[in-house]
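Examining the three-dimensional arrangement
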Amino acid sequence: MPPTPQLLDPKALMRIRSLEMRARVVVEGFWSGIHRSPYHGFSAEFSEYRQYTPGDDIRHIDWRVYGRSDRYYIKKFEDETNLRCQLLVDGTRSMMYGSDPKLTKHDYAATLAATFGYFLMQQGDAVGVTRFDDAIRDYLPPRNRPGHLRRLMISLEAPAEGRATDFGTPLERVAQIHDRRGMFVLISDLLAPLDTLEARLGFLRARGHEVIVFHILDPRELDFEFENAAQFTSLESGKQHFIDPDAARKGYCEKIKAHLEAASALCQRAGIDYFFSSTERPFHLALFEFLTARSQRTASPVRRKTNFQRSS
Amino acid sequence: MNFLVPLYLAGALAVAIPIYLHLRRRPPRDSVDFSSLMFLEPTKHQPIKRQSQLENIPLLILRCLALLLLAAMFARPFMPGGDSEGDEGRMRTVILLDTSASMQREGLWKDASERTKEVISTIDGEGAVAIITVDRAPRIVTSFGDWESADVAQRKEIAKAAVETLKPSWQGSNLGAGLIAAAEMVTDASTDDETPRPARIVVISDLQSGAALDAVADASWPSNLKVELAPIEAREVTNVTIAVAASTDPDKPAVRLRNDPASEESRFRLKVGDQTIAAVVPAGESRVFQLEEPISEVSVTGDQHHFDNRLFLAPREPALVKLLFLGDDKPDDSNGPEYYYRRALALSKVMHPRFVKSLDDDPALLAIARPLTGAEINAVRRTLQEGRDAILLITSTTMDRTLAGLAGMSAAPTLRDHDHDRRYALLEEIDFEHPTLREFRDPRWRDFTEVHFWKYHILEEAVLPESATIVARFDTGDPAWIAIPVGQGSLLVMMSGWHPRDSQLSLSSKFLPLLFSIYSDHGPQVSGARQFFVGDPLPIENDEEKLTLPDGKTESLDPAEPYRPEHPGIYRVSNGERHRSFAVNLRPSESELTPLGSEPLAALGVPIDRKTAPDTAVSADSKRKLRSSEAESRQNLWRWSVVVLLAMLVAEAWLATRTGGTATQPEGAVI
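The shown structure was predicted, so the numbers you read here are calculated from the model rather than taken from an experiment.

The subject of this paragraph is the sheet that holds strand E4 (residues 92–98) of chain B. Residues and elements named next belong to chain B. If you walk across this open sheet you meet the five strands as E6-E5-E4-E7-E8, and the pairing is mixed. Unpaired on one side and paired on the other, strand E6 (138–142) and strand E8 (225–231) mark the two borders of the sheet. For this sheet the average axis-to-axis angle between neighbouring strands, irrespective of direction, equals 25°. Here strand E5 (residues 128–134) pairs with E6 via four bridges, running antiparallel. Counted as the bridge partner of Val134 is Pro138 from E6. Sheet strands touched by helix H3 (residues 108–121): E4, E5, strand E7 (199–205) and E8. Its angle to E4, the strand with the most contacts, is close to 175°.

Below, the structure is given as structure tokens:
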């Protein structure tokens, strides 16, 4: 069933207070069973014991239980997931900006991440979340267990408090933690020098991980349509400048455009899927982009250069 | 307009602060949050105010006025000339004269009466004076009515003559009640006034700390009333007081000597009968002395105030108890039960027994050891129903009718002699929880095995009334002692005699406590307080008609009116055959002589006139200050200042919000 456009308009969606409910609304409008795990197996995560029935693999019989009880028991483990996805969400205070106070970049990013998380967990993938600013503030390893989604939502709902953005240390640390191949989805406004970002994303990519970047900006950050001269306070650093918008607009727009292009180019160079999204953009489009990127990647593991900003 | 504390007006200089702040060039206050300033260059040229002049003049004026008002408020403004000097001549004066026992101290009463006369002398032509004395309770000596009805020329003399007749009493001091009575008198007098007249209460008292002030705590005072304190100070300070102390042995009373904290002496002499005991009590401390024998009066010497140096003690007197033993044996026959009964309840320190011969004499304690006639049974039963206790000893099988009649059984029970086979019986299943035997509840006294019973009678349990309780049985299982409630009293039936022919009970150590335990519920009360204070009502009973005062005079008593002794000493009452004595002493609070000062009264809300407060110096300058202070506290202009100030602050806040809204956009921004 196609989603109702009004419902998926971010501003309308933000009226739903529960993050999990928002994610469900987006995903269920989209869900059509297009992604299903073709694999079965045994992983390291124990689930329960089950009595042996002929036909079971005798390798999985727990001999210690047999020694104790003289009965054959199969040790059941959780099914191995297809995908281990880590959502990297920017937790700096700059994300708290929103020209509409009810829809900040943080809200948008959290809903987007929740949507991805919910979607992936629905189909049995393991999802984790990392909130960072200049260091990792909150980390949930990828899991697909009952209750994990709830923890995921709680983590995403926490307000962004970071005073500085540094992609270097957190991404390096995340790369160290995740030695198994997986997917990383970075959701950020990327309002920081991009030098370290390129290096770190390249590092992740080099370790065989899939990386997708969602670049979130408020429309006002793109056009700088302020009316009055005022003291502008940086949410992130707390610095203040007196700025007259009429005078500063031109220079600002040029710089932000250059920054977006630089980010896009950086991702292209590193073979990373880069999607730009203003906070006005419906979530299902972002989800669609995400799935398109996923399916294309699954179909062809060859690195491709994409830039969905132009298409959006 | 004057100011009580003009120094605070210097605070008005603070108006410079808002003026400076309004002159200052402020940076634009409009602030916009933005995610990051990394792509923004600060605008070089900030807007400049073209003219350097005051901003928001109305706001500034309001702020300056508020500060000025605040400074004025702290300086306590008042309007001079508000003092109603002209009314002072019409002042009503109530002289509250303390006549409590503490005023008996050396020289105090003389000073007090002179001071009273001085106050009367200062009354102007239109003024009025009333005199109230206060000790345990206030007493009106002369009222305003008396003053106004007297001849104008004679008024003062009459009032002074009335003061001459007064004497300090031995009562405690209830100064609070005196103040209330004086205030009520002023209120009553003011109701007839066309124009309100000022009034004052002049308290002439030693203002001792022992004075009761509870009454004034909730009082409301007329607005035109001031209370002037005229404290009378003792010339000497050493005082020791004597009071009863708790003693474990009632025959050896204890007394406590307490030396006043201000005393200069610590060596005193305690006079007990003919003996004199040296007593060293440091100032502010107390010592307890135990006396060797009961005595009716103890006194102490060595201090300078003698009014509280005597203590009267009422020696314990045995209570008169009427007893009756109804038996066949002679009282001096040691083989009969009465012999032991009389000896057990003999004359002692607690009981003065009087054995009567007939039930008509209304005996308090009763024992029966013979068959009674029908009339006797009815009389005993009546006595029991009224709440007396009786013991019924079953000494023969012929007592069946007596038992039935007293216990209220429908038919006489069958009594049988115990067929003893030369073996004695012992008590068992003793109900120590029963009130009759509660004196033996302690495990130490529970051993009844030493009491052997040779002869007893057997009663069928079934015939006993339902309310009967078997409090002890013989070891054969037969009932031994049966408690039967009859009306308000109770009957204890013993199935064996206590005399040696029947048992060892009377010769055992249990006998005396047993009798006292049986009679303890309804027997005469031998204890009871006999120490009283002057002014307390004495617990005189209706039949006591004659009272002997400490000085030997006798008075006849009116049973309807409680008798309150007015002097310390031993009071004796008598109803013809019984004599009781009560020791009446000075109230201990009268010996708390530390001067109170005006603060506790002021704290209780008494409108103390500070011009005359004892702890205030009265130089000409300070008098003027006091007048100012009084005018200021009467006018209370500062309270109005607070109201105006609050209104101004509200207006300021409103104005600031209004102008603040428009001021967010800096004017004349030039980039």
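Take the sheet that holds strand E27 (residues 546–548) of chain B next. All names here are of chain B. Taken in spatial order, the five strands of this open sheet run E26-E30-E29-E27-E28, and their pairing is mixed. Sheet topology places strand E26 (531–533) and strand E28 (554–556) at the edges, where each strand pairs with a single neighbour. Across this sheet, the average inter-strand angle for adjacent strands is 30°, counted without regard to direction. Where E27 lies against E28, three bridges are found, and the strand directions are antiparallel. Within E28, the position partnered with Thr548 by the bridge is Thr554.

It is worth spelling out the interface of chain A and chain B at this point. Between chain A and chain B, the residue contacts involve 30 residues of the former and 20 residues of the latter. In this assembly, chain A packs against chain B so that about 2400 Å² is buried in total across both faces, 68% of it on carbon and sulfur atoms. Its largest share of buried area at the contact with chain B, chain A owes to Gln231, Phe242 and Lys255 of chain A, together 26% of the area lost on that side. Scanning the region where chain A abuts chain B turns up one salt bridge. Close ionic contact of Lys255 of chain A with Glu41 of chain B constitutes a salt bridge, the shortest N to O distance being 3.7 Å. Within the residue set of the side of chain A that touches chain B, elements represented by two or more residues are strand E8 (230–234), strand E9 (240–243) and helix H10 (245–270) of chain A. The element best represented in the side of chain A that touches chain B is H10 of chain A, accounting for six residues.

Time to look at helix H9 (residues 400–407) of chain B. Those residues of H9 of chain B not exposed but buried are Thr402, Leu403, Ala404, Leu406 and Ala407 of chain B. One or two positions beyond H9 of chain B, positive phi appears at Gly408 of chain B, with a value near 75°.

A few words on the side chain of Thr238 of chain B. With respect to the helices, strands and loops of the structure, Thr238 of chain B is situated in the loop between E8 and strand E9 (240–245). Not counting the four nearest positions on each side in its chain, Thr238 of chain B is found in contact with Ser263, Glu264, Glu265, Phe268, Asp303, Gln304 and His305 of chain B.

Residue and element names in this part refer to chain B. In this structure the tally under the stated criterion is 34 aromatic pairs over all chains. With a centroid separation of 6.1 Å and an interplanar angle of 90°, the aromatic rings of Tyr424 and Trp454 are classed as edge-to-face. With a gap of 30 residues between them, Tyr424 in the loop between strand E20 (415–417) and strand E21 (427–428) and Trp454 in the loop between E21 and strand E22 (457–459) connect regions that are remote in the sequence. The class for Trp454 is partly exposed, based on a relative accessible area of 34%. Seen from their ring centres, Phe453 and Phe474 are 5.2 Å apart, and the 70° between their planes marks the pair as edge-to-face. Within this pair, whereas Phe453 is found in the loop between E21 and E22, its partner Phe474 is found in strand E23 (residues 469–474), the two being separated by 21 residues in sequence. An identical accessibility class is assigned to Phe453 and Phe474; each is buried.

This part is about the confidence of the model for chain A. Residue and element names in this part refer to chain A. Considering every residue of chain A, the mean pLDDT works out to 78; 82% of them sit at 70 or more. Considering only residues more than four positions removed or in separate chains, one finds that residues 1–7, a stretch of pLDDT under 50, has nine contacts. In this model residues 299–312 is a low-confidence stretch, pLDDT under 50, and it forms 21 contacts with partners more than four residues away in sequence or in other chains.

Let's shift gears to the nonpolar core. Residue and element names in this part refer to chain B. Membership of the largest hydrophobic core comes to 70 residues, with the highest contact counts inside it found for Tyr341, Trp481, Met494 and Trp498. Excluding residues within four positions of it along the chain, Met494 makes contact with Ile391, Leu392, Leu393, Ile394, Ala480, Trp481, Leu505, Leu514 and Ile518. Membership of the second largest hydrophobic core comes to 50 residues, among which are Leu96, Ile204, Leu207 and Trp221.

Now for unusual backbone geometry. Its identity as a non-glycine residue notwithstanding, Leu190 of chain A has a phi of 50°, on the positive side. In this fold, Leu190 of chain A is placed in the loop between strand E6 (183–188) and helix H8 (195–206). Leu190 of chain A gets classed as buried once you look at its relative accessible area, which sits at 0%. Not every positive phi belongs to a glycine, and Glu429 of chain B is a case in point at roughly 50°. Looking at the element boundaries, Glu429 of chain B is found in the loop between E21 and E22. Looking at Glu429 of chain B, the relative accessible area reads 54%, which means it is exposed.

What follows covers the packing of H8 of chain A against H10 of chain A. Packed helices, taken two at a time, are described by the angle their axes make and the gap between the axes. Residue and element names in this part refer to chain A. In the contact formed by H8 and H10, the axes pass within 10 Å of each other and the chain directions differ by 25°. It follows from the interaxial angle that H8 and H10 lie roughly parallel. Here the hand of the crossing between H8 and H10 comes out right-handed. Across the interface between the two elements, Leu197, Glu198, Leu201 and Arg205 from H8 touch Leu266, Arg269 and Ala270 from H10.

Take the pattern of salt bridges next. This model, assessed by the stated rule, comprises 27 salt bridges over all chains. For the salt bridge of Asp134 of chain A with Arg137 of chain A, the shortest nitrogen-to-oxygen distance reads 3.0 Å. Overall, Asp134 of chain A belongs to the partly exposed group, its relative accessible area being 33%. Overall, the relative accessible area of 52% leaves Arg137 of chain A in the exposed class. Here Glu376 of chain B and Arg370 of chain B are joined by a salt bridge, their closest N and O atoms 2.9 Å apart. Each member of the pair, Glu376 of chain B as well as Arg370 of chain B, carries the same accessibility label: buried. A single salt-bridge network, built from bridges that share partners, covers Lys105, Asp189 and Glu221 of chain A.

Basis of the calculations
- Residues numbered from 1 in each chain as written.
- Chains lettered and ligands numbered in written order.
- Predicted model: local features only at pLDDT ≥ 70, side-chain atom pairs only at ≥ 80, totals over all residues.
- Heavy atoms only, no water.
- Pairing = 2+ DSSP bridges.
- Helix = DSSP H or I, 4+ residues; strand = E, 2+ residues; numbered from the N terminus.
- Axes fitted to C-alpha atoms, helices over the stretch in contact; angles between N-to-C directions.
- Contact = heavy atoms within 4.5 Å.
- Buried area = accessible area lost by both parts, 1.4 Å probe.
- Salt bridge = Lys/Arg side-chain N within 4 Å of Asp/Glu carboxyl O.
- Buried < 20%, exposed > 50% of the residue type's maximum accessible area, 1.4 Å probe, protein only.
- Phe/Tyr/Trp six-rings, centres within 6.5 Å; stacked < 30°, edge-to-face > 60°.
- pLDDT = per-residue confidence, 0-100.
- Core = buried A, V, L, I, M, F, W, Y, C linked by side-chain atoms within 4.5 Å.
- Parallel < 35°, antiparallel > 145°, perpendicular 65-115°, else oblique.
- Left-handed = near helix turned anticlockwise from the far one by under 90°.

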